[in-house]
Amino acid sequence: MNLNELKNEKVKVTIAGEDVEVKRGDPVKDTLTRILQEKGIDSFTILVDGEEVTSTNDLPETFDGHEIEVERYVKAG
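Now for a look at the structure at hand. Sequence order as written defines residue numbering, which begins from 1 separately in each chain. pLDDT decides what is reported in this predicted model: residues at 70 or higher carry local features, side-chain atom pairs at 80 or more are listed and counted, and totals for whole chains, interfaces and linings draw on all residues regardless. The side-chain numbers reported here are obtained from all heavy atoms of the structure, hydrogens and water having been left aside.

## Comments concerning the environment of His66
For the purposes of this entry, the term helix denotes a DSSP run of H or I that reaches at least four residues, the term strand denotes a run of E that reaches at least two, and both are numbered from the N terminus. You can see His66 is positioned in the loop between strand E4 (51–53) and strand E5 (68–72). For the pair His66 and Val48, spaced 18 residues apart in sequence, the C-alpha separation works out to 6.6 Å.

In structure tokens form, the structure reads like this:
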């Protein structure tokens, strides 16, 4: 297996309870932005390796080696 094959390997992220496949080497910020726009989700919480990320600057560069989950944020009431 070469480096390009590793980058193109698929991994799963959970978005609003649904598993979505992404490429391991894809950029996290751009990929999540695209998927969330496609799903019409504009209010959310991002968890990386079980910890809430409060700034997009704190997101990992790629999905490689990280467990990423996006939960839809809904205000009560």
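## Remarks on the pairing of strand E3 (residues 44–48)
Each residue is assigned to one of three classes by its accessible area relative to the maximum for its type, calculated with a 1.4 Å probe on protein chains only: buried under 20%, partly exposed between the two thresholds, exposed over 50%. Among the 5 residues in E3, 4 count as buried, and that is most of the element. When E3 meets E5, the two strands line up antiparallel, connected through 5 bridges. Note on E5: the bridge partner recorded for Ile46 is Val70. Relative to E4, E3 runs antiparallel, the two sharing 3 bridges. Residue pairing across strands places Val48 opposite Glu51, the latter belonging to E4. Strand pairing is assigned whenever DSSP identifies at least 2 bridges connecting the two strands. Between E3 and E4, which pair antiparallel one after the other, the connecting turn spans 2 residues, and Asp49 there sits at a positive phi close to 55°.

As far as function goes, none of this settles anything; it's purely spatial.
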